[in-house]
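# Structure at a glance
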Amino acid sequence: MNDDIIWRGKVAIVGTPNTGKSTLFNRVIKKRKSIVLEEYGITRDRIYDEVEWMGQGFTIIDTGGVETEEVPFQKEIKSQVNLAIEEADVIVFLVDGQRGLSKDDEAVLKLLRKAKKPTILAVNKIDEIEKLANTYEFYSFGIKEVIPISATHGIGIGDLLDKIIELLPDPHDKPKYNGCITFSLIGRPNVGKSSLFNAIIGEERTIVSPIAGTTRDAIDTQFKYNDTNYVIVDTAGLKKRGKIVEMVDKYASLRLMDAVNRSDVVLLLMDAYQGIVEQDKHVVGLAIEQKKPVIIVVNKWDLHSHEQNAQIEYSKEIRAHYKFLDYAPIVYVSALTKSNIKAIFKEIDKCYEDYSRRVPTSILNEIIIEAQLRNQAPDFNGGRIKISYASQVKACPPTFVLFVNNQKFMHFSYQRYLENVIRESFNIKNTPIDIVLRTKTKEVM
């Protein structure tokens, strides 16, 4: 999602089969993702995507249809719907304006009354003024917000999105841990995240089991260590995309994204005994996409070889596989024996310090000018990049805007050179930094 978009929460579309939930989902996300067929009850799993509307963003969830009759997969569908309702901030209850009120609609209504979530009743298939009267019987549900729409023709969708934005929680109302460093534990299943979580906070707060995938949700725990306040977020193990098929795993995947998003530092947990696995790259990709500092924590080191230089050789192997994480420190621990846990906090503090770093504009510009004089940019795409001014526009991560003569003249190797110059000059080692190019506009006389 665009960095300028304000993320507001999650919206679930629920209803009975064949009311047009997937059609509405596809209309809102502006692409064909959910399967839309005339076949009754085609959607079984929840499907997620992101929506941007008037500078606001939210995650939207498509669900299967709820029925009162015992039809194939109905038990699994109801479980999916319940989870969608549980995690959503706003519910869109979609009903069929042509078919009219049904006992299945009343069954969905019971689920929503138990949830007590802000709900919009969207009456679908109202594509003509004459059909507006079809909405009246649904007022008996007692839902205040009733909006007639046509998902197929796009009628009323703007009104629906406006109401969704109105009902979503204010982003400023989200819990913030002021004065705390927030970090999350991520990794594939069964690498020891729950055990490390318990070792860090010194209490048995989560289930520790040898069965892969025990932790299903994200758990926040605030604590103090060496006079510093921390919040640790334990998350479920993330499976390969092709294997995220169980409803709980899809739920856990979304929660993991949320956990990474609100973390200052991310700990990627690896299993020393199993070695480096390709799947770890997918897991840490979430942190890289969101430009979070990463600490590679190699767990179960007590089960690994203790030959001389073992850690040096293992670190070389990690660096070879994770060239895109050259800024990430590596820590070797054993959650079981609680060895070297203190080293994790040392690296968290370093990462957070770099992540929140701000630099003086005057010194930044001196460094950029000197860097250009010392190493002239190459000719690229028909010209040579020239940087006239530089400014840090934000921290977390440190983000620098370079005003240039033409963005297309910037070769990736020269941008990497400038990034390294900034890192070395300001001692920013343990966090990703972001460089944004802006074409300097000529002043109009």
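Residues numbered from 1 in each chain as written. Predicted model: local features only at pLDDT ≥ 70, side-chain atom pairs only at ≥ 80, totals over all residues. Heavy atoms only, no water.

### So, the sheet that holds strand β1 (residues 6-15)
Rules: Any two strands between which DSSP finds at least two bridges are classified as paired. Strands are runs of DSSP state E lasting at least two residues, helices are runs of H or I lasting at least four, and both sets are numbered from the N terminus onward. Each axis is a line fitted through C-alpha atoms, and for a helix only the stretch in contact is used; angles between axes span 0 to 180 degrees, taken between their N-to-C directions.
Read across the sheet, six strands follow the order β2-β3-β1-β4-β5-β6 without closing on themselves; strand pairing throughout is mixed. Either end of the sheet is taken by a strand with one partner, and the two such strands are β2 (47-53) and β6 (145-148). Here the average twist between neighbouring strands, direction ignored, is 25°. In this structure, strand β5 (residues 119-124) lies alongside β6, joined through four bridges in parallel fashion. Bridge assignment links Leu-121 to a residue of β6, and that residue is Val-146.

### Points about helix α9 (residues 341-355)
So the rule is basically this: Here a helix's expected span is defined as the number of its residues, less one, multiplied by 1.5 Å. Residue burial is assigned from relative accessible area. The probe radius is 1.4 Å, only protein chains are included, and a residue is buried under 20% of its type maximum, exposed over 50%, and partly exposed in between.
Taking 1.5 Å of rise per residue, the 15 residues of α9 would be expected to cover 21 Å, and the 21 Å separating its terminal C-alpha atoms lies within 8% of that figure. Turning to α9, its buried residues are Ile-341, Ala-343, Ile-344, Phe-345, Glu-347, Ile-348, Cys-351, Asp-354 and Tyr-355.

### Considering the packing of aromatic side chains
The cut-off we apply is this: By convention, a stacked pair of Phe, Tyr or Trp rings (six-membered ring in the case of Trp) has centres within 6.5 Å and planes under 30 degrees apart, an edge-to-face pair has planes over 60 apart, and any other such pair is tilted.
Evaluation of the coordinates by the stated rule reveals 14 aromatic pairs. When the centroid spacing of 6.4 Å and the interplanar angle of 80° are considered together, the rings of Phe-183 and Phe-223 count as edge-to-face. With Phe-183 in strand β7 (residues 181-186) and Phe-223 in strand β8 (residues 219-225), this pair connects stretches of sequence that are 40 residues apart. There is no split in this pair, since Phe-183 and Phe-223 are both buried. Judged by centre distance (5.7 Å) and plane angle (65°), the ring pair of Tyr-322 and Phe-324 falls under edge-to-face. Residue classification places Tyr-322 among the buried positions, given a relative accessible area of 1%. Ring pairing ties together the aromatic residues Phe-183, Phe-223, Tyr-225, Tyr-230 and Phe-345, which thus form one cluster.

### Digging into the nonpolar core
Filter applied, for reference: Working definition of a nonpolar core: buried Ala, Val, Leu, Ile, Met, Phe, Trp, Tyr and Cys residues. They are joined through side-chain atoms within 4.5 Å. Every residue pair with non-hydrogen atoms within 4.5 Å of one another is taken to be in contact.
Of all hydrophobic cores here, the largest spans 26 residues; its most connected members are Phe-183, Leu-196, Ile-200, Leu-267, Ile-344 and Ile-348. Where this core is concerned, the elements lending two or more residues are β7, α5 (193-201), β9 (228-234), β10 (265-271), β11 (294-299) and α9. Here the element with the most residues in this core is α9; it accounts for six residues. When near neighbours in sequence (up to four residues on either side) are disregarded, Phe-183 contacts Ile-200, Phe-223, Tyr-230, Val-231, Ile-232, Val-233, Ser-263, Val-265, Leu-267 and Ile-348.

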